[in-house]
Amino acid sequence: MSDERPIGVFDSGLGGLTVVRAIRERLPRERLVYYGDTARFPYGSKSQESVAKFSWEAVRFFQSHNAKCIVIACNTASAFALPEIQGKCDMPVIGVIEPGARAAVKLTARGKIGVIGTTATINSDAYTHAIRRLKPSAVVYAQPCPLLAPLAEEGWVHKPATQLVIEEYLSPLRTARIDTLVLGCTHYPLLAGPIQAFMGDDVRLVDSASTCAAELVELLDARTLLSDAAGGDELFFVTDMAARFSEVGTRFMGRSLQAIKVVGAE
Ligand code: DGL
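Since the model is a prediction, treat every value here as computed from it, not as a measurement.

**Q** Would you mind going over the overall build of the protein in detail, with residue names and values included?
**A** Helix and strand counts for the protein stand at eleven helices and ten strands. Here the C-alpha radius of gyration of the protein, 17 Å, is about what a compact globule of 266 residues would show, namely 18 Å. Projecting the C-alpha coordinates of the protein onto the three principal axes gives extents of approximately 50 × 40 × 35 Å. Every one of the 266 residues in the protein was classed for burial, and the buried ones make up 55%. Considering only contacts in the protein between residues 6 or more positions apart, those separated by 24 or more positions represent 77%. Split by element, the accessible area of the protein, about 11400 Å² in all, is 52% carbon and sulfur. In the protein, which carries 28 positive and 29 negative side-chain charges, the distance between the mean positions of the two groups comes to 3 Å.

**Q** Pulling in residues and values, what's your account of the packing of helix H1 (residues 17-26) against helix H11 (residues 242-253)?
**A** Between H1 and H11, the least distance of the axes is 9 Å, while the angle of their chain directions is 45°. When the axis of H1 is compared with that of H11, the two are oblique. Seen from above, H1 lies across H11 with right-handed handedness. Seen from H1, the contacting residues are Leu17, Thr18, Val20 and Arg21; seen from H11, they are Phe245, Gly249, Arg251, Phe252 and Met253. Per-class residue counts for the contact of H1 with H11 are five nonpolar, two polar and two charged.

**Q** Explain the site of the ligand residue by residue, including any values.
**A** The ligand sits among 13 residues. The nearest are Asp11, Ser12, Tyr43, Gly44 and Thr76. Between the ligand and the protein, one listed contact pairs an oxygen atom with a backbone N or O atom of Asn75 at 3.0 Å. Thr76 places a polar side-chain atom, nitrogen or oxygen, 2.7 Å from an oxygen atom of the ligand. In isolation the ligand has 300 Å² of accessible area, and contact with the protein removes 98% of it. Of the residues that constitute the shell around the ligand, the class distribution is five nonpolar, seven polar and one charged.

**Q** Give me the lowdown on unusual backbone geometry, citing residues and values where you can.
**A** Excluding glycine, most residues fall at negative phi; most peptide bonds, likewise, are trans. Here the residue pair Phe41 and Pro42 is connected by a cis peptide bond, since its omega of 0° sits within 30 degrees of zero. Its location among the elements puts Pro42 in the loop between strand S2 (32-36) and helix H2 (48-64). A positive phi angle, close to 50°, is found at Ala259, a residue other than glycine. The class for Ala259 is partly exposed, based on a relative accessible area of 40%.

**Q** Requested: an account of the sheet that holds strand S8 (residues 204-207), with residues and values cited.
**A** By way of backbone hydrogen bonds, the strands of a sheet pair with one another, either parallel or antiparallel. Pairing is parallel in the open sheet, where four strands are placed in the order S6-S5-S7-S8. The outermost strands of the open sheet, each flanked by one partner alone, are strand S6 (139-144) and S8. Here the average twist between neighbouring strands, direction ignored, is 20°. Here strand S5 (residues 112-117) pairs with S6 via six bridges, running parallel. Within the sheet, the bridge partner assigned to Gly114 lies in S6 and is Tyr141. Running at roughly 160° to S8, helix H4 (residues 97-107) makes contact with S5, strand S7 (180-184) and S8 of the sheet. Together, S5, S7 and S8 form the strand contacts of helix H9 (residues 192-199), whose direction differs from that of S7 by roughly 155°.

**Q** Outline the packing of aromatic side chains, listing residues and values.
**A** A full pass over the atoms with the stated rule returns ten aromatic pairs. Both rings, one in Tyr35 and one in Phe62, keep their centres 6.4 Å apart while their planes meet at 75°; by these two values the pair is edge-to-face. Placement of Tyr35 in strand S2 and of Phe62 in helix H2 is noted, with a sequence separation of 27 residues between them. For the pair Tyr35 and Phe62, a shared accessibility class is recorded, and that class is buried.

**Q** Explain the nonpolar core to me, and be specific about the residues and the numbers.
**A** Ranked by internal contacts, the top residues of the largest apolar core, which has 54 residues, are Leu17, Leu170, Leu181, Ile195 and Leu216. Dropping the residues within four chain positions of it, Leu216 is found in contact with Ile7, Ile23, Leu27, Cys69, Val71 and Ile94. Listed in part, the 27 residues of the second largest apolar core include Phe61, Ile70, Leu82 and Met91.

**Q** Tell me about the side chain of Glu234, and please be specific about residues and values.
**A** As for its position among the elements, Glu234 is in strand S9 (residues 234-238). By relative accessible area, which is 16% here, Glu234 ends up buried. One polar contact links Glu234 to Arg24, side chain to side chain, over a distance of 3.0 Å. For Glu234, the side chain forms a polar contact with the side chain of Arg255, separated by 2.7 Å. Discounting chain neighbours no more than four positions away, the residues touching Glu234 are Arg24, Leu32, Arg255 and Ala259.

Scoring rules and cut-offs
- Residues numbered from 1 in each chain as written.
- Predicted model: local features only at pLDDT ≥ 70, side-chain atom pairs only at ≥ 80, totals over all residues.
- Heavy atoms only, no water.
- Helix = DSSP H or I, 4+ residues; strand = E, 2+ residues; numbered from the N terminus.
- Rg over C-alpha atoms; globule rule 2.2 N^0.38 Å.
- Buried < 20%, exposed > 50% of the residue type's maximum accessible area, 1.4 Å probe, protein only.
- Contact = heavy atoms within 4.5 Å.
- Areas by Shrake-Rupley, 256 points an atom, 1.4 Å probe, with all protein chains shown as cover.
- Lys, Arg positive; Asp, Glu negative; His and termini not counted.
- Charge placed at Lys NZ, Arg CZ, Asp CG, Glu CD.
- Axes fitted to C-alpha atoms, helices over the stretch in contact; angles between N-to-C directions.
- Parallel < 35°, antiparallel > 145°, perpendicular 65-115°, else oblique.
- Left-handed = near helix turned anticlockwise from the far one by under 90°.
- Nonpolar A, V, L, I, M, F, W, Y, C, P; charged D, E, K, R; others polar.
- Near = heavy atom within 4 Å.
- Polar contact = N/O pair within 3.5 Å; in protein donor to acceptor, adjacent residues only side chain to side chain.
- Pairing = 2+ DSSP bridges.
- Phe/Tyr/Trp six-rings, centres within 6.5 Å; stacked < 30°, edge-to-face > 60°.
- Core = buried A, V, L, I, M, F, W, Y, C linked by side-chain atoms within 4.5 Å.

In structure tokens, the structure reads:
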């Protein structure tokens with residue numbers, strides 16, 4: 001059995017390309033349809049009500065593209081909308097929070113886990129709850145880092161300004177002597193180098209993009225939804241600014257992107 005329908009990948013903008021990249025490493029043959037809501041980016045400073053409404057629009061978009069499953073690559077949308085969507089949607093939907101929490105719980109040596117993300121993700125407590133459900137004794141140190149996503153988009157990986165912002169945000173986590181740090185935002189894998197350098201080699205970083213991709217493989221396999229066609233084609237839909245998506249997205253993906261189209265947000 002081979003299911004050649006595409007996988008839908010949703011993000012607030014182009015950050016979800018870190019998840020596409022991780023999916024591609026494991027599933028090069030699958031067809032992908034990406035929906036980046038660039039017109040309404042960022043989600044990290046928006047209300048749950050708005051993010052849930054936008055996320056449902058993405059679900060309807062993927063339904064109209066006959067997707068076989070949906071990956072909510074955006075941490076903020078996963079935190080605010082995933083449980084509701086999973087409860088009501090007739091196709092499998094996964095997000096990034098549970099896989100990230102599971103990986104952190106597996107990796108932690110002393111149960112002291114840091115989580116960084118957008119203000120919305122951190123205020124939702126979604127990671128803290130997911131980690132504590134799996135390991136009630138875990139101590140979670142959650143820190144919003146709203147300036148990191150724009151710095152990653154600008155490509156300011158090694159600039160002194162980025163170093164200062166990292167120090168400001170992460171000093172409390174370093175002082176608390178966490179042993180594991182969840183990068184709970186699509187953009188942070190790009191800043192993994194300076195974050196690791198600041199936290200020190202003893203701290204294990206969890207990249208929720210790759211843990212989510214690993215979980216996607218398990219899900220498709222368990223439900224016999226994998227494709228064995230040679231395919232691998234991908235379509236990228238954005239709600240605004242295709243040229244910027246192409247330019248910055250190339251950096252996030254590590255290669256150029258073909259077939260980018262602008263669609264209207266509802
Ligand atoms: N994609 C968002 C996330 O992972 C980051 C950018 C935003 O604020 O929309 O939370």
